[in-house]
Amino acid sequence: MLTLADALEALTGIRPEGATVVITEGAIDSRQVIPGALFVALPGERTDGHNFVASAFQRGASFALVQREMESELPVLDLRPFLSGELSPEQARTELKTRLTAFDGPFCLRVGDSLHALQQIARFWRDKLDVQVIGITGSVGKSTTKELVAEVLGQRYSTLKNKGNLNNEIGLPLTLLNLSPGHERAVLEMGFYVPGEITFLCEIARPHIGVITNIGTVHAERAGDQETIARGKSELVQSLPVDGVAILNADDPLVREMAKVTRARVLFYGMDSSAELWADNVEGLGLEGIRFRLHFRSEVLYLRVPMIGRHSVQTALRAAAVGLAEGLTWQEIVNGLRSASVQLRLIAVRTENGALLLDDAYNASPESMMAALNLLDEMEGRKVAVLGDMLELGQYEWRGHELVGIRASEVVKELVTLGERGRMIAAAACRAGLPAKNITELETVEQAVEFLRQRLTPQDVVLVKGSRGMRMDRIVTALEVRA
């Protein structure tokens with residue numbers, strides 16, 4: 001396990017004897033601190049973590065990384081003199097050992113930049129351990145792919161994965177602090193907003209396998225056009241070593257081109273025989289999962305897995321590809337794919353009158369909206385879609401909402417939209433042939449809840465989806481039956 005000695009060595013180059021206190025994990029929210037944690041005080045636009053160091057200590061944190069002057073009652077070990085070069089190596093070692101003896105409880109480690117210090121510790125700890133890292137990025141499907149890859153690898157290896165969406169310059173280092181010498185694999189989702197971000201994450205994590213899901217329009221408002229997004233995502237495969245494996249989506253032209261920029265061996269997956277690993281005969285079984293035929297070289301397998309929606313076959317292919325790259329048997333791979341413990345964001349619940357709600361309100365992009373509508377199309381019953389704004393699409397905003405509206409017109413009997421951009425979906429659906437009387441445009445979640453309460457019947461299957469900022473999960477919370 002990570003210890004204080006490891007953290008100090010990472011920050012100062014000095015490994016003091018006797019600093020054997022274990023750091024259980026890292027945390028940036030004092031409310032989530034567990035006993036033995038390292039609390040990282042980060043300054044922010046709305047709040048400053050330095051204001052919550054005392055609270056973190058009360059909850060059991062052993063140490064805190066800070067970068068500014070603290071309240072007088074909080075004990076602080078200032079590490080900056082050990083980084084300035086003012087002391088000789090022997091003087092620094094002796095002085096650090098002496099100062100450590102003054103503390104008999106939790107204390108702060110003062111550094112120049114607390115985030116940079118967290119990243120230094122994470123990089124040091126990852127490099128110290130004999131663990132293989134799998135990096136995953138893409139516009140849609142990163143988190144579900146991460147979950148299923150971890151499930152497959154877990155059939156043979158002790159495997160760590162990011163919790164939730166801890167996939168950026170803060171979350172990924174926090175995840176790496178949870179590594180232990182017993183871990184053999186780490187599956188790390190990597191987010192992208194600006195060029196160079198994934199390169200930086202790879203410098204910390206050093207992945208040997210990289211998986212690219214697809215290139216879509218999500219976050220285009222911040223990241224730029226699809227080509228810019230593709231270049232940013234390609235940083236993952238560019239960072240792979242010569243003996244690594246780049247697992248690329250052959251169905252996405254922008255991803256397929258990434259084979260030209262990696263030194264690693266390339267394994268293409270997709271939906272036709274041009275890929276090394278591919279699937280056909282895909283059959284959606286609604287909430288019962290999917291059935292498909294999988295091909296790898298001369299081998300053919302017939303699979304049924306408990307993943308929702310035809311689009312999930314791509315997720316299964318990615319996980320199988322990682323399993324193959326890691327030398328797993330087909331039995332191990334199939335067992336992982338069939339695991340019921342894979343966490344999916346889409347949740348199905350019932351309303352009081354028996355209508356089925358498909359809660360996919362975690363986030364939304366044109367690609368994920370289309371996939372969700374395709375799933376709704378597989379379901380039995382009267383199909384209703386409650387769709388909200390898709391945010392951060394930049395130049396793709398109008399076209400993205402139009403495509404969703406067109407697909408909705410082909411699938412649903414009734415469409416409810418929320419928000420200003422939701423009106424674009426409604427207009428496109430109407431132009432594509434959905435009768436105006438079957439389209440309702442609303443502004444607030446509260447209006448949607450009241451409308452659905454009055455309209456839903458036991459025969460209805462209702463998709464609820466929109467960007468996280470729309471808070472459409474509140475619709476499901478208000479309507480679902482409570483146990």
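Look up a bit, the structure's there.
In this text the structure is predicted, and so the values were computed from the model without any measurement. (Residues numbered from 1 in each chain as written. Predicted model: local features only at pLDDT ≥ 70, side-chain atom pairs only at ≥ 80, totals over all residues. Heavy atoms only, no water.)

## Some points on the sheet that holds strand S15 (residues 347-350)
A sheet is described by the order of its strands in space; here six strands give the open sequence S15-S16-S20-S17-S18-S19, paired in mixed fashion. Across the chains shown, the open sheet's two edge strands, defined by having one partner strand only, are S15 and strand S19 (439-442). The average undirected angle you get between the axes of adjacent strands in this sheet is 20°. Note: strand S18 (residues 414-418) against S19, four bridges, orientation parallel. Directly across from valine 416, in S19, lies its bridge partner threonine 440. (Pairing = 2+ DSSP bridges. Helix = DSSP H or I, 4+ residues; strand = E, 2+ residues; numbered from the N terminus. Axes fitted to C-alpha atoms, helices over the stretch in contact; angles between N-to-C directions.)

## Things to note about the packing of helix H11 (residues 312-325) against helix H12 (residues 330-337)
The relative placement of two packed helices is expressed as an angle between their axes plus a distance between the axes. The geometry of H11 relative to H12 is characterised by a closest axis approach of 10 Å and an angle of 145° between their N-to-C directions. Remark: the crossing between H11 and H12 carries right-handed chirality. Together, Ala316, Ala319, Ala320, Gly323 and Leu324 of H11 and Trp330, Ile333 and Leu337 of H12 make up the contact between the two elements. (Left-handed = near helix turned anticlockwise from the far one by under 90°. Contact = heavy atoms within 4.5 Å.)

## Details of the nonpolar core
Leu65, Leu79 and Ile121 are the most contacted members of the largest nonpolar core, which has 60 residues in total. For this core, the element with the highest residue contribution is helix H1 (residues 4-12), accounting for six residues. Those residues in contact with isoleucine 121 that sit more than four places away from it in its chain are Leu2, Ala7, Ala10, Leu11, Leu38, Leu65 and Leu177. Ala150, Leu153, Leu303 and Ala320 belong to the second largest nonpolar core, which has 38 residues in total. (Core = buried A, V, L, I, M, F, W, Y, C linked by side-chain atoms within 4.5 Å. Buried < 20%, exposed > 50% of the residue type's maximum accessible area, 1.4 Å probe, protein only.)

## Notes on helix H7 (residues 197-205)
Within H7, burial applies to Glu197, Ile198, Leu201, Cys202, Ile204 and Ala205. Buried positions in H7, seen along its axis, are confined to an arc of 160° and lie on one side of it. Those residues of H7 that are buried are in contact with helix H4 (114-128), strand S6 (132-137), helix H6 (171-176), strand S8 (185-189) and helix H9 (226-238). Arginine 206 sits one or two residues past H7 and shows a positive phi near 50°. (Arc of directions from axis to C-beta.)

## Considering the sheet that holds strand S2 (residues 38-40)
One open sheet accounts for five strands, arranged S1-S2-S3-S5-S4; its pairing is parallel. Looking along the sheet, the strands with just one partner apiece sit at the ends: strand S1 (26-27) and strand S4 (76-78). As judged from the two bridges shared by S1 and S2, these two strands associate in the parallel manner. Bridge pairing links glycine 26 to leucine 38 in S2. Sheet strands in contact with H4 are S2 and strand S3 (63-66), and its direction is about 125° off that of S3.

## Some details on the environment of threonine 457
Within the element layout of this structure, threonine 457 appears in the loop between helix H16 (445-455) and strand S20 (460-465). Using a relative accessible area of 29% as the deciding quantity, one classes threonine 457 as partly exposed. For the pair formed by threonine 457 and asparagine 165, sequence separation is 292 residues and the distance between their alpha carbons is 35 Å.

## Let's talk about the environment of alanine 361
With respect to the helices and strands, the residue alanine 361 is situated in the loop between strand S16 (356-359) and helix H13 (366-378). Accessibility expressed as a relative area gives 6% for alanine 361, which makes it buried. Through-space distance from the C-alpha of alanine 361 to that of serine 467 is 6.8 Å; in sequence the pair is 106 residues apart. The contacts of alanine 361, once residues within four sequence positions are left out, are Val464, Lys465, Gly466, Arg468, Met472 and Asp473.

## Focus: the pattern of salt bridges
Pairs may arise between side chains of opposite charge once their charged atoms sit close together. Here the structure, examined in full by the defined rule, presents 34 salt bridges. The partner of aspartate 280 in a salt bridge is arginine 293, with the nearest N and O atoms 2.8 Å apart. With a gap of 13 residues between them, aspartate 280 in strand S12 (residues 277-284) and arginine 293 in strand S13 (residues 290-296) connect regions that are remote in the sequence. The residue glutamate 397 makes a salt bridge to arginine 421 at a minimum N-O spacing of 2.8 Å. Linking glutamate 397 in helix H14 (residues 397-411) with arginine 421 in the loop between S18 and helix H15 (422-431), this pair joins segments that are 24 residues apart in sequence. (Salt bridge = Lys/Arg side-chain N within 4 Å of Asp/Glu carboxyl O.)

## Focus on H16
For H16, the full list of buried residues reads Val445, Ala448, Val449, Phe451 and Leu452. Packing partners of the buried residues in H16 comprise strand S17 (382-388), S18, S19 and helix H17 (473-479).

## Brief notes about the pairing of S18
Among the five residues of S18, five are classified as buried, and the element is accordingly described as predominantly covered. Here S18 shows no split at all, with Glu414, Val416 and Leu418 on one side and Leu415 and Thr417 on the other all buried. With five bridges connecting them, S17 and S18 associate as parallel partners. Bridging across to S18, valine 386 finds its partner in valine 416. Following the chain from S17 across H14 to the adjacent parallel S18, one finds a crossover that is right-handed. Once you follow S18 into H15 and on to S19, the crossover reads as right-handed. (Right-handed = clockwise from strand over helix to strand, strands pointing away.)

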